[in-house]
Amino acid sequence: MSYTKRFDNRKFDEMRKIEAKVDIIPRADGSAMFKIGDTVAIAAVYGPRSLHPKFLQDPEKGILRCNYTMMPFSVSERIRPGPSRRSTEISLVTSKSLLPVLDLTKFPNAVVDVFIQIIQANAGTRCAGICAASMALAHAGIPMKDMVAAVSVGKVGDKIVIDLNKEEEDYEDGATDIPVAMTGRNHEVTLLQLDGEVTKEELMKGLEMARKGCLDIIEIQKKALREAIKENQNE
Amino acid sequence: MGILIKEKSIVVPGDIIAEGMDYLPSLGCFREGKHVVSERLGLLNVDNRFIKVIPLTGSYVPKVGDTVIGEVKDMSFGAWFIDIGCAYDGTLMVRDATEFVEKDADLAQVYNFGDFVVAKIVKITRHSSIHITTKGPGLRKIQGGKVISVTPSKVPRVIGKQGSMVSMIKDGTNCTIVVGQNGKIWINGKNPDDELLATEAILKVENESHIDGLTDKIKAFLEKKK
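Predicted, not measured: the structure shown is a model, and the values here were computed from it.

Peer 1: Account for the overall build of chain A, with residues named and values stated.
Peer 2: Regarding its fold elements, chain A presents four helices and nine strands. Counting helices and strands in the order they occur from the N terminus, chain A gives β-β-β-β-α-β-α-β-β-α-β-β-α. In terms of C-alpha radius of gyration, chain A reaches 18 Å, essentially the compact-globule figure of 18 Å for 235 residues. Judged by the C-alpha coordinates and their principal axes, chain A covers about 55 × 45 × 35 Å. By sequence separation, contacts in chain A at least 24 residues apart represent 69% of the contacts at least 6 residues apart. Total accessible area on chain A stands at roughly 11,300 Å², and carbon and sulfur atoms take up 51% of it. Taking the 33 positively charged and 34 negatively charged side chains of chain A as two groups, their mean positions are separated by 4 Å.

Peer 1: Would you mind going over the environment of A119 of chain B in detail, with residue names and values included?
Peer 2: Residue and element names in this part refer to chain B. Mapping A119 onto the fold places it in strand β12 (residues 116–124). Judged by its relative accessible area of 1%, A119 is buried. Considering only alpha carbons, one finds A119 and R140, 21 residues apart in sequence, at a separation of 6.9 Å.

Peer 1: How would you explain helix α2 (residues 164–173) of chain B if you had to name every residue and give the values?
Peer 2: Residues and elements named next belong to chain B. Here α2 has its buried residues at M165, V166, M168, I169, G172 and T173. Taken around the axis of α2, the buried residues stretch over an arc of 160°, which confines them to a single face. At the exit of α2 stands N174, carrying a positive phi of roughly 55°.

Peer 1: Describe in detail the pattern of salt bridges, supporting the description with residues and values.
Peer 2: Residues and elements named next belong to chain A. Throughout the structure, instances matching the rule amount to 25 salt bridges over all chains. Here R10 and E168 are joined by a salt bridge, their closest N and O atoms 3.7 Å apart. Here E168 lies in helix α3 (residues 166–169) and R10 lies in the segment before β1 (18–22), a separation of 158 residues in the sequence. The exposure class of R10 is buried, given its relative accessible area of 10%. Residue K155 pairs with E202 through a salt bridge whose shortest N-O separation is 3.3 Å.

Peer 1: Account for the packing of aromatic side chains, naming residues and giving values.
Peer 2: Two aromatic rings, taken as a pair, are described by how far apart their centres are and by the angle between their planes. On inspection of all chains with the given rule, the structure shows six aromatic pairs over all chains. Site record: aromatic cluster; members linked through ring pairs are Y3, F7, F12 and Y171 of chain A.

Peer 1: With reference to specific residues and values, describe the pairing of strand β17 (residues 184–189) of chain B.
Peer 2: All names here are of chain B. Inspection of the sheet shows strand β15 (residues 146–149) paired to β17 by four bridges, in the antiparallel sense. Each residue of the ladder has a partner; that of S149, found in β17, is K184. Across five bridges, strand β16 (residues 175–179) lies against β17 in antiparallel orientation. The residue bridging C175 from the neighbouring strand is G189, located in β17. Here β16 folds back onto β17, and the loop between the two strands holds four residues, one of which, G183, carries a positive phi near 95°.

Peer 1: How would you sum up the environment of K170 of chain B? Please name residues and give values.
Peer 2: Residue and element names in this part refer to chain B. Note on placement: K170 falls in helix α2. For K170, a relative accessible area of 32% translates into the label partly exposed. For the pair K170 and I187, spaced 17 residues apart in sequence, the C-alpha separation works out to 9.2 Å. The residues touching K170, leaving out its near neighbours within four places in the chain, are C175 and I177.

Peer 1: Break down the interface of chain A and chain B for me, with residues and values.
Peer 2: Between chain A and chain B, the residue contacts involve 32 residues of the former and 31 residues of the latter. Taken together, chain A and chain B are joined by four salt bridges. Ionic pairing is found between K222 of chain A and D15 of chain B, a salt bridge with its closest N-O pair at 3.0 Å. Where chain A meets chain B, there are ten residue pairs in polar contact (both at pLDDT 80 or more). Looking at the side of chain A that touches chain B, the elements that each hand over two or more residues are β3 (39–50), α2 (125–139) and α4 (200–231) of chain A. Residue contributions to the side of chain A that touches chain B peak at six residues, all from α4 of chain A. In the side of chain A that touches chain B, the residues fall into twelve nonpolar, eight polar and twelve charged.

Conventions adopted
- Residues numbered from 1 in each chain as written.
- Chains lettered and ligands numbered in written order.
- Predicted model: local features only at pLDDT ≥ 70, side-chain atom pairs only at ≥ 80, totals over all residues.
- Heavy atoms only, no water.
- Helix = DSSP H or I, 4+ residues; strand = E, 2+ residues; numbered from the N terminus.
- Rg over C-alpha atoms; globule rule 2.2 N^0.38 Å.
- Contact = heavy atoms within 4.5 Å.
- Areas by Shrake-Rupley, 256 points an atom, 1.4 Å probe, with all protein chains shown as cover.
- Lys, Arg positive; Asp, Glu negative; His and termini not counted.
- Charge placed at Lys NZ, Arg CZ, Asp CG, Glu CD.
- Buried < 20%, exposed > 50% of the residue type's maximum accessible area, 1.4 Å probe, protein only.
- Arc of directions from axis to C-beta.
- Salt bridge = Lys/Arg side-chain N within 4 Å of Asp/Glu carboxyl O.
- Phe/Tyr/Trp six-rings, centres within 6.5 Å; stacked < 30°, edge-to-face > 60°.
- Pairing = 2+ DSSP bridges.
- Polar contact = N/O pair within 3.5 Å; in protein donor to acceptor, adjacent residues only side chain to side chain.
- Nonpolar A, V, L, I, M, F, W, Y, C, P; charged D, E, K, R; others polar.

That's the geometry; what it means functionally is another story.
Set out below in structure tokens:
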């Protein structure tokens, strides 16, 4: 059986509705919210601040610590709060996807902490988290070479689609989910995970789709950042 | 070729500001091939051939010459370590202190833990050691009054154009106010009510910094409360 029409009537290369907002947590140095469809992520950035215990410090450059957490009520069946095998992995890949654009050489021995909370989940949470974290880091004034955006592509049945929702991820005839993160100017891939089956041609088609999606997201991110400043500057 | 984004507009990390080799990147931007690219969220400033991005958000970034207010956090043989609200503590050497310190004296007798000082940043080394001094006009240990914090990026708004905002609050409340560039503000008044009013006014400036005609609004607020 082939997958001819998407469950929520989107086109195969159409993302869900995106909303982005910057400066949502007054106590943090930088913060942002990113919403794609029913998936909502918030990110807060603290720092650069001093890092303890001392053996973690790097005297050549600052380090980045990401912390991804899903809130217990974010999915239909309550998940146990606290770190898990899954959230530890996502925290790690998130920090690895953000590090290539960050310039932390000016903050030796210091740490930049990024806390990502998933308030509501409907697939693509790590991508939403990366998008929110990228905006929050820019808002915190950390030197960045570029913005990072992320979106998932995948194979549902026999079709390559962008931005899968939960229904599509659980498609009975098999679905492959490929989260991709990219930088804005040079389209460098900073995250690519793949779980499932896909041919080389299909992957290339998916990546091309993700590139277009990421560029759209970056425009939305930049707009949100500009608006946050304008609100503060109307005198 | 030339500048691609209008001056005084807001730029975001990754924005291409200028093309070609006519312009030089300075603060908050860098060169990538033919382009000058922003690396900060901030205001674009073009001065002759120099491109600068002035950061508008984020935590305090120490600069040489800034007056800051900090708390004594630690001390060792010849120095105090002052928390100035950034990733690195400011080092205040004994020879840079206002007070004369005898050899082998107990440093806690001069500046004790929890004391606040008004200090000036004299030197920042390459690996971000910050040297500060309390020698100079207006620099000292804080006695009396209270210290409040505002977001460092709102400090220019609290000070106002040529200090208009802060001097208005000073006159309106009869308080001495010292604003540190790191967002710490020392308020010292004759009675606690004055200090409370000054605190309220400053927090009002911080919360409503985006509103038009804020100076008039604060003036009206101070007169009403008097």
